[in-house]
Every structure is written in C-alpha cells, then in structure tokens.
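Chain by chain, the residues:
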2 protein chains.
Amino acid sequence: MMIFRLIAVCLIVASTLNVEADEGMWLYNQFPKKMLKDKYGFEPTDEWLKHVRLSSVRFNSGGSGSFVSSKGLVMTNHHVGADALAKMSTADRDLVKLGYHAKSAADEPKCVDLELNVLMNIQDVTGRVNEAVKPGQSAADAQLARRAVINTIEKEAFDKSGLRSDVVTLFQGGEYHLYQFKKYTDIRLVFAPEKTIAFFGGDPDNFEYPRYDLDICFFRVYENGQPAKIEHYLSWSRAGAGDNELIFVSGHPGRTSRLNTVAHLAYLRDLQFPQTLDLLRRREVLLKTYGDRSLENARRAEDDLFSYQNSRKARIGGLAGLQDPAIMNKKKADEAELRSKVDADPKLREKYGTAWDDVEKTIKFVKTIRTEYNLLEAGQAFNSELYGIARTLVRMADEDAKPNAQRLREFGEAGRASLEQQLYSEAPIYPDLEMVKLADSLGMMTEMLGADHEMVKKVLDGKSPRDRAAELVKGTSLVKVDERRKVAKGGKSAISNSTDAMIRLVRTIDPRARELRTQFDQQYDEPQRQAYAKVAAARFAVLGSTTYPDATFTLRLAYGTVKGYEDEGRKVEPWTTLGGTFKHAEAHGSKEPFELPESWLKSKDKLKADTPFNFVSTADIIGGNSGSPVVNKAGELVGIIFDGNIQSLVLDFTYSDTTARAVSVHSSGIMEALRKVYGATALADELGH
Amino acid sequence: MMIFRLIAVCLIVASTLNVEADEGMWLYNQFPKKMLKDKYGFEPTDEWLKHVRLSSVRFNSGGSGSFVSSKGLVMTNHHVGADALAKMSTADRDLVKLGYHAKSAADEPKCVDLELNVLMNIQDVTGRVNEAVKPGQSAADAQLARRAVINTIEKEAFDKSGLRSDVVTLFQGGEYHLYQFKKYTDIRLVFAPEKTIAFFGGDPDNFEYPRYDLDICFFRVYENGQPAKIEHYLSWSRAGAGDNELIFVSGHPGRTSRLNTVAHLAYLRDLQFPQTLDLLRRREVLLKTYGDRSLENARRAEDDLFSYQNSRKARIGGLAGLQDPAIMNKKKADEAELRSKVDADPKLREKYGTAWDDVEKTIKFVKTIRTEYNLLEAGQAFNSELYGIARTLVRMADEDAKPNAQRLREFGEAGRASLEQQLYSEAPIYPDLEMVKLADSLGMMTEMLGADHEMVKKVLDGKSPRDRAAELVKGTSLVKVDERRKVAKGGKSAISNSTDAMIRLVRTIDPRARELRTQFDQQYDEPQRQAYAKVAAARFAVLGSTTYPDATFTLRLAYGTVKGYEDEGRKVEPWTTLGGTFKHAEAHGSKEPFELPESWLKSKDKLKADTPFNFVSTADIIGGNSGSPVVNKAGELVGIIFDGNIQSLVLDFTYSDTTARAVSVHSSGIMEALRKVYGATALADELGH
C-alpha cells in the first residue's frame, strides 16, 4: 500500500517524488523491517528496536526525549522543558530566560509536576475491545460498552503490573493497543541554555531553515531519592551523521490526519482549522498585550505565548496545505479509487461500502453542537487554571461514585496517579493573569453564543465578562493546593456545599456540559470509530496491510536520510555551523530575537567554527516529535529533533520529501557548546565524550 | 431630551453622574448656546463659532487638525500625520521613526497624496432629499431616487462654488445636510518629532492615562506654490487651560452608535464587533510576523500595524461596553419608554410605531448577505492596494458611462478630484507585502465561504491562495501610476481588453459584488434610513429637539472641563509633566516602547520639569477626533486631542464623565519641547510665543 500511495503522490503532488521516499510514523510492533532492508540494506533486529524504544522517553507536558546516560540523564528540547522551567521560576529568577547549569547532583532542583513515561510493552487488544460491542447495538450502548471494556482492560493491566496502562486508539478506530509505561515523577533539572540561543531567531525563524538553535535541555530521573539506574540509553555518537546517511527518529508525533476521509478533511479545512486559528490569534494578541505591560508580565505569559505562536504558525502551514487544490485533488482521487474498488466487490461493498458516508454523518452531526461543545465541555469559554482545577474536582467527585468501568475515561483508576500529579501541582498561578484570560474567554463565549443565550446569562450572572472574571478569581481558594485536597477528600457533599466561586460556576455549567459530552461521545466519536474501522479494513483488503496509523502522541519510529534540498532555485545545505550562528545574528543587526547571549559572544573565538550545528533530514515527523532522539544504525545518538521546516507543515495531511524536512540539533554542535561555551565538563563527560 | 437621558444614565449606569455632564458632539449649525450659557455662563457668539469652525481642518486620511498661523501652518497628531510621513519615507530615511524638522520654507517637502478640508458652510437639505422619495415607492426605487437627488445636489453645489460638496447623512437618516469644503492638496511637512516620544509607551500605554506623549506634527498648506494666507487660525494660549476650566474640542469624531436601536446594538455586539475583532487580530498577527523578519519589513508594515492595534484596542473597549448588562439594560429601558410613549399617542403610533421593527428587519436581512458582502464588495477578501486600484478603474469605467445622477455615490462628479488624488497617488507599494496580505485574505475568503464555493473557485483559479496571490501581484502593471492613467483614459474598452491580472480578477468578481451592493443599498441601507428617520422624528416629538446626531466624521463641537478622576480608589491628576516622562521611562526599564529618544535624554536638564505635558478633560470625543484643537473661551489653542482613556471607549454607545476622559497634549508642553528639545525657534516664533 505504501508504494501505491507514494507513486500516486509523485505523479500529482510533486513529480520529483519517487518510491524511495521515507514516509511513515511506524508502530514499534509493526515496523517494516523488510521494506527498510530492501531500500537501505539495513534490517534492525528485535533487540535493536527494543533498545531504542526503551531509550525513548515521553514528556507528558507534550514532547519527546531520550535517556543519554546510565544515571538517568534525559535530553529533550529547551522548548519542551520550558513548561517545567517556567514552573520553577520566580520574578527574580527566570530559568527559561537565563538557563541553568547544575555543577553537581546537589544542585539539581526538582521539577514541580513533570511526568516522564517509558513504553515497556505493547499488546494488541482490538479483538477484546470490538467484541464488547454487540452487532446491532445502538451507538449510545456501543459507546458505553466500549468505554467499559477499555476502562476494565486498563485497570486489570495496571493492577497486575503497577505500570501506567493506556488503551490507545489507532487507525481512527481500526485498532486498539494496550500501551504500558514505566512512569517517573521525580525529575530534576540538570542543564538548560539561555532562551536566546535555544530559540535563536524567535518566531520569525520558527519553522524556517537554515537554523542555528541550541534547543536542548537536560533532566535527570530519580527513584527513591537517587539518580535512576538506566539499562537502555543512547550512546553519544562521536562523528554525528554524514550526508545521505540513514537515520531513525524515535518519538511521539502528536497528531496527523492522513487517513481522514475527504469530507473529514474538508471539515478541518473549512471549519476546524479556521476557528482554531481565530482562537490562537486571539490568545496570542491577548498575552502579547498583557506581556508588553511589564517585564514580569512578559515572564508570566511567556511559555503560553510561545505555544500559541508556535501553534499559529503550524496551523497556518497546515491550512495552506488543505487549501492547496493539488493536495486535496489527490486525496479525492485516492478516495474515489478505493471506494470504486470496494464497490466493485459485492462482499467488500456490503461490509464497508457505507463507511465514508457514515464518517460524513458524524461530521454533519458535530457541526450542530461544536460551538457549545468547544466552549462548555472543552472549556474554551473558561481559559483559567483555577477553573480547570474546579472542574476536575467537581467531576472527580461525581465519577468516583460510579464503578470504574462506567466512569468517563479520564477518571478511570488506572490513570488516577497521573491525574493527581497535575491536580495537586504546586506550579504557580497568577491571579492577575487568570483574570485577564478568563475575562477574554467569557467575552468570547458571549460573542459566540450571543449575550442573550441562556447559558451566557447563567455564567455571567448579570455582570460584564470583566467584572465576572474578577469576581470568580477573587472568590476561589483553589489557588491553595491544600484546599484542593480538602475538597477532593470531601467528595460529593463537599462539592454541593461549597461556596467557592469557581466550584459553584462549574456546578452551574456541568449538567449541560455533560449532555454535550454524551452527545459528542455517542453521536460523533463512537460512530466515527466504527466507520473508520471499516475504512481501515477496506484499505487493508484492497491495498494490503503494510501501513502505519495516523499520529496519536504514542511512540513511533520514523527513518530517513540527512539531506539538503532546493528552495525556489536556492540550494539549501544539510548542515549549518556554529560559525554561521554569529553571521546570522549580524545579518539581523543582532536585535532581539537575533541577539546572542553573553556566554556565546564571549566564547566565539574558542568555538570550532565549522562544527555542524543544525541539520535536516527526510524523516517523517510532526509536532510532538520535538525532543526525539535522532539515532544512527549503530543505535547511537547523532542529534535531537526540534522543528520541521515550513514546507513540512503539510505532513499533517500527506508525506513529501521534495522540500519538507525535519530539523535537528547536531550531536557535535551540542558537545562543542557544552564544553566551550558552558564549561559543562561533568555533563559532557557523563555523555561519554 | 439631553437632560432626561442623562438623569436616567446617572441612576443606572453610574450613580455619580449628574445633569452637569458635558455630553454631546454638536453640529456647528445646531450648537446649544443656551444650555452652555446656563451651565457655564458663557455663550459663544456666531462669530466665535465661525472662527473656530474655519480654523478647524479635516485630514481625509482620517483625523483632525487646526490652523495655527496666518501662513498656513496646520497642527495635527503624529499618528494622524504618520500615513503621510510613511509615504514620504524610504528604506534609508524613515520619517515616521526619525521625525523631521524643516528649518526654512525651502526644506518643507511636499506630501504624496494628502488632502485637507475646511468646512465653509452648512445647509440643511433634508426636505429636498426626502421629497425625491415618493410615498409608497418600493425600497429599490426609493434608494435610486435618493441617490439621484443627492448626486444632483452635490454636483449643483460644486458647479456653482467650486467647493468640495458632500451631502452628509445625520441621525441615521433623520436629516441630510450639504457640507461644502475648501480643499487643500498641496501640503508640506514642517515638523514631526521621533515616533518614540510621539507614541511613548506604545501599544501598552495606548488608551491609558497618565500619559507622556508628544503626539504632534506640523504641516503647511500651500496655494499656487506659496504658503496659503489664512484668515482664521487659532492663537496659541500662553497659559494653557487651568483645572476645571471650560474648554471646547472642534474636530471630526468618526463614528458612534448612541442612537441605534437595541436590536441594532445587539447585532453590533453579537456579530459585527466580534467579526471585526477577528479580522483585526488576524491582520495584526500577519503584519507583526511579517515585520519581525527584518527592520525594513517592520518599516513597511508599521503604519498599518499601528492602525490595526489601535482599532483592536478600541473595539475591545467598545465591545466590553456592549457586553456590560448595565449599559445594555439602560438602552433597553430607554427604548421601551420611548416606544410606550409613541404607542400611547395614536397619531405618533401610526406615523412611527413600526420604526423599531423596521430597523430590525433590515438587520435580519443583512445577516443573510454580510459574509459575502464584506468579502467581495467591501473587499475584505482582497487586502491589497493594487486590487483596490484595479477595482476603482473597472468601476470608474462603468460608472462614467452613466449620467451623474445614476452613478454609485463614490463616482459622482462632485467628488472626482478627491478620488483621482488617491487613484494616481505616487505612494510606494511593496510587492512582497502585497503578496503576503493578499495571500492571507484570499485564504480568509476560502475559510469563510468554504473551498468548494463557486466564487472561491473562480477567484483562486485552481491555485492555492499563496500561489494565486503571487500570480496576481506579479501579473499586474498597476504599480505604475502612468499605467493607471492609461487604463482610465481608455474607458470601458481598455478594461475589457486588459490582460492585467488584477483587472481580470476584478472583472470576474464585479457582477456578483455589484449584486451584493444593490441588495445592501436597497434592502438594508435605504429602508434603515427610512426607519431611523421615523425613530428620530418620534424622539423629537416625545423628547424635544435639542440633541446631536451620532458621529459621522463630520465637524462637531464638543465642550467640557479639564478634570482628573478616580480609578479604583486611586486619584488621577488632570496633568502629567515633562519631568514625569523621564520617571515613566525609568519605571519600565527604558526598554522599547518606553525608550526615550536621544534628543530628549540630552535635553533633560534644560526642560522645566513641572511644565504640563498631557492632560484630561470631560469633552465628548471618539476616534477621528485625533488632532482636534482644544480651545478656551477666548478661542485660543490650549492643547490637542490625541487619545481617550480606556474608560472612554464606551462613549461609542453612551456618554459618561465619571472616569471617561479625552487625553490631550498641553500647549505649554509643546512649546517647551519645540524650543528646548528641538531648537525649533522659527516654528515656535511663528506660533506666536
């Protein structure tokens, strides 16, 4: 199937493509060893795959990383670690901006609420999940049955192993696999560079290439108060990867929509992406103007602001792909061909023929509830940490009164420890920022539903959005973690007797929000899973089974080669160098965000100017892969993914290697900077060089 | 009526308000002399009013100003003059940023396309306009008849006087007045300060108070190559205005919606403001990211970026007012009372009873076409100077083939010279920026109508928005002014034979755009004018006739007093001082946008620190009043309006003087800066001090 799809892509989307293309975010338990051997003469052994998998780390704050020493050292991107850095910072000590360097173990401070996961094993439970749903069952019953069996599988697995156990949905509902993770929650900070070099070039250079960023950050996982002993970690490559060398990327791509039906893509194109972009721009402008008022404001808003800007740029790129007729026409042609083959075979037709229309029906339905659903259930109307905490407390009390199998997925017993890690986090909450965010989002709800909407009136309680937001933030005690624990301990009665303003607000909203959730789960999510299971089965039947599911923030292995490209007639080299960094700064007048930190300016003469700094490869990645190790055939670390170029943003919908590239920091550049700029001898030694 | 409305406002909106409030953007020909005399013991004579009116200047780029010497010197804000400054700038010489100081007449450079207007006389033509519309006529016929009589009145007046002649609509259709202007088009730059002091505090301080801005700019009007001899200009006040002193503001408030019906306000609140804000944020983010890429990009985008940020902040404030139940409930109560009085009187009821429902019908209608209308007719889909030029050329050719009375308003003969001033402007157009803006707006159209919409397909012609934008900008010659003249001269046949990409695009769109325009004019604008004429008449009948129309960017006279206020318990003084400026910079770490220019830092010790710099007053102003002279009873200039505080943004819908304030630069601060910071002796001498 891969080959069929890729030939077609070549002809229509980009005529220079050929079957050599390195498409695929592969499941570790379905890796196409033979395909790789045929193309590159290298077949990874099961041991090789296991070693790389167990060296890979998921950051639950949203990103990837890897073990790089036997003493629990983990490397990720600065921008993945930034959430943890921000939570450890104060007005006087901004770790995101200044960076950090622990000279010894005693200097390694503990992160506030970071959780890291290592994928220990994978089990296909598709059969058990699907058997729980009886033929002819209504979508509502089917959804309840499916939820029950998934909650049960997770709890059984957790009880047996003590491992975090998640049933993950693959192929949009085509398969269900049980993923079990070893979990680390005592994570300490070892090293971070200054933001000015980690994110050198800022928003203008984000998603661009050539790049010159030291986007790295080191943490250490502890167990029982000691650095964890790690069996599987990646050795540091002395040479790094050469031009055209085969490399692998092991990480957690967040979400792609390549297997979506055309109707589903049109929905993303015409409705979901545009509205998400409106929301992102709105919040970007809000936080920018809040941050512009003072340096302390800027620090408080910084991490969220980066994340909105980053998503905005990524979504604009994705939407441009969806709006490109070349891509959409290709999708239409592929779907038409598959459907005509299904329709031509009476057996296939009977089993799968209606699947595409079934997907479209779910989309028609969700359009009728999406505005209210996004606002009330997904929480877009309540852009506030404190609201989120109140909502978790209210729901937890209700859900805990039910048997595990009947609970909403996020309140199942298997995931409880991770939920509590977030709920009782000591991460700082800033009331002034809470008011600004909440006032804006209440205003947005008022705009979207209309000021005369019954729910708007209930929420605002006769006040303006600004006044109501102030009242809510001033009227809650949930900023104190002890108070959260007290409410949680009190269960349903503590909730119903509470006079806390946020909890009372949640109580007002929750009946309607739950109705919307049920409608969403039963009339959108469940029938869509069933329909996509048929699409996936039809695809397997017609095109064969060597394929990979869309990205779902679960561990995948991609491969590709280090390779430059041509951009509008200009040749782009695969590498940049440390020396080029200083030239790039000068070319932009060394003005923010092209201002290098003092430490780099002082070390300029010490650095070997031709050391590779950043490089591009054809590996198939997307957001969430940030921090993924780049590994050579020997299983050594040769780099770390931190970005894709602007041309890579269409990878959300279709793979191409003409100009789309993954962007990494090179292992040699990291080592040179650690030793010469930062004098981080102990850390460099621990990495083995 | 004023008094009735204000008492009610006091009770419900802001209980500290009383009948002393200085509400009103008064027409010069309907100024409430008696009301003023009763309150302040000062009755301006007709001569006084005439002098101030003829000293007032309208900037057609959007703002106000005044004559300040007999030799044609005009003062306005830096941010009003910025459009002209940007058009005179190049990559090497950024006048917006650096400022300018002409030491002698020979150094005064000519502006590219600036037009200034002085209001010579006003004539009420309501009777003639309304008589043209026959009872029982369809809305379509009525619209055509009304347009014809207005075009005819303007042309007759223009032919007779040679003055620019505009029929302006007041009271949303309640009255029509003929305004005749003396027009100046040879305008030269005399003085502008650096942007850093003109807009000190930037977006964070915009619409805030206390403020420290030298937001001024001097131009000179020329006639026949010589400085114009001006009879009516404002003398410079030696002392400035004292605390609680009565002052007047003569300028051009852009738009208010105070007389709108509740249904109309709800439409603004729930639809128009939110969508405008989405558009503003979108363009703000677009230009910000474009500008961040290089200093030259930043220069090119600067003026538009400021304007989007300024509008965004103003609209957010306005929307907050509309979303405040206190304000909206007051509007509802007022309307209910007026309607009940109308309904109680059979005669009034028969004449005006349906007016409010008639307004609502027009709103229901416009909702059905507004998306397409805004995109295609109002041009939101085509955010490009070159597109605008092409569209003017195409329409001009069509309209010029018709008798004057039957033309679209903007192509009438009376306004032709002003239209050509814009069309043949030599202002620079940057193709790279054009592509970025057009690609984004074509993308927006695709989002809003859906990629499968027939018109979207026609416009994009099988390409992605980005590719199509590049093709259009590369495929037009209209960047050359000669080419525009050539096409215009060729009339309809030049248009239909043109191979210019932009002209061909306009031809594709124009039939549908014109349909939408006709529907808008005939099913929204005309019936709404008729309905509001009834609302206005009902209001006069019930409440008496001493009132003022909503702002329409025509000359108005407001009054008020210099007065501090309380903001959340903190006393805000009416004045800031020059000395405070340096403290304000230090309090923000002297970092952009709180960085003072070199010229100020050098002159710090020379400046009298306690000189008043900015001050607040209760005068009733809104956007468009920027640059308005602030005048004392003696008719002397005591300041220049440049902003309103954040609390003033609700003035769009309702007047309040509790905390809403107009913000001005003080005449003393201006004089001190001109002499001590800039050594502008000749200019200061010309001002008379």
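Our subject in this report is the structure included herewith.

1. A short note on the overall build of chain A
- Secondary structure summary: chain A contains 25 helices and 21 strands in total.
- Against the 2.2 N^0.38 benchmark of 26 Å for 689 residues, chain A shows a C-alpha radius of gyration of 25 Å, consistent with a compact globule.
- Counting only C-alpha atoms, chain A reaches 65 × 65 × 50 Å along its principal axes.
- Considering chain A as a whole, with its 689 residues, one finds that 60% of them fall into the buried category.
- Total accessible area computed for chain A in this model is approximately 26300 Å², and 50% of it derives from carbon and sulfur atoms.
- Mean positive and mean negative side-chain charge positions of chain A (95 and 97 charges, respectively) differ by 2 Å.

2. Notes on the sheet that holds strand β13 (residues 556–561) of chain B
Residues and elements named next belong to chain B.
- Here we have 8 strands laid out as an open sheet, ordered β1-β13-β12-β18-β19-β20-β17-β16, and antiparallel in their pairing. The sheet is open, and its two borders are formed by β1 (26–27) and β16 (575–577), each paired with just one other strand.
- In this sheet, strand β20 (residues 662–666) lies alongside strand β19 (residues 637–644) in antiparallel orientation, the contact comprising 5 bridges. Across the sheet, Ile 640 pairs through a bridge with Val 665, a residue of β20.
- Where helix α2 (residues 33–40) meets the sheet, its contacts fall on β1, β12 (246–251) and β13, and the angle it forms with β13 comes to roughly 10°.
- Sheet strands touched by helix α3 (residues 46–55): β12, β13 and β18 (629–631). Its angle to β13, the strand with the most contacts, is close to 105°.

3. Points about the relation of the copies chain B and chain A
- When chain B is brought onto chain A, the operation consists of a screw motion whose angular component is 180° and whose axial shift is 0.0 Å, with 0.0 Å RMSD remaining. Such a combination of turn and shift is consistent with a two-fold rotation axis.
- Most of the interface of chain B is mirrored in chain A, where 100% of its interface residues again form contacts.

4. A word on the environment of A:Arg661
Residues and elements named next belong to chain A.
- Inspection of the secondary structure assignment puts Arg 661 in the loop between β20 (636–644) and β21 (662–666).
- Residues Arg 661 and Ile 621 lie 40 residues apart in sequence; the distance between their C-alpha atoms is 8.5 Å.
- Of the polar contacts made by the side chain of Arg 661, one reaches the backbone oxygen of Lys 563; its length is 2.8 Å.

5. Some remarks on the interface of chain B and chain A
- At the interface, 38 residues of chain B touch 38 residues of chain A.
- Between chain B and chain A, roughly 3200 Å² of surface is buried when both sides are summed, and carbon and sulfur atoms account for 53% of that area.
- The interface formed by chain B and chain A includes 4 salt bridges.
- Between A:Glu208 and B:Arg293 there is a salt bridge, with the nearest N and O atoms lying 3.8 Å from each other.
- One can count 8 residue pairs in polar contact (both at pLDDT 80 or more) joining chain B with chain A.
- Broken down by secondary-structure element, the contributors of at least two residues to the side of chain B that touches chain A are α9 (202–205), α10 (262–292), α11 (295–322), α12 (325–344), α17 (431–449) and α19 (465–474) of chain B.
- The element best represented in the side of chain B that touches chain A is α10(B), accounting for 11 residues.

Conventions and cut-offs
Residues numbered from 1 in each chain as written. Chains lettered and ligands numbered in written order. Predicted model: local features only at pLDDT ≥ 70, side-chain atom pairs only at ≥ 80, totals over all residues. Heavy atoms only, no water. Helix = DSSP H or I, 4+ residues; strand = E, 2+ residues; numbered from the N terminus. Rg over C-alpha atoms; globule rule 2.2 N^0.38 Å. Buried < 20%, exposed > 50% of the residue type's maximum accessible area, 1.4 Å probe, protein only. Areas by Shrake-Rupley, 256 points an atom, 1.4 Å probe, with all protein chains shown as cover. Lys, Arg positive; Asp, Glu negative; His and termini not counted. Charge placed at Lys NZ, Arg CZ, Asp CG, Glu CD. Pairing = 2+ DSSP bridges. Contact = heavy atoms within 4.5 Å. Axes fitted to C-alpha atoms, helices over the stretch in contact; angles between N-to-C directions. Least-squares fit on C-alpha atoms with pLDDT ≥ 70 in both. Polar contact = N/O pair within 3.5 Å; in protein donor to acceptor, adjacent residues only side chain to side chain. Buried area = accessible area lost by both parts, 1.4 Å probe. Salt bridge = Lys/Arg side-chain N within 4 Å of Asp/Glu carboxyl O.

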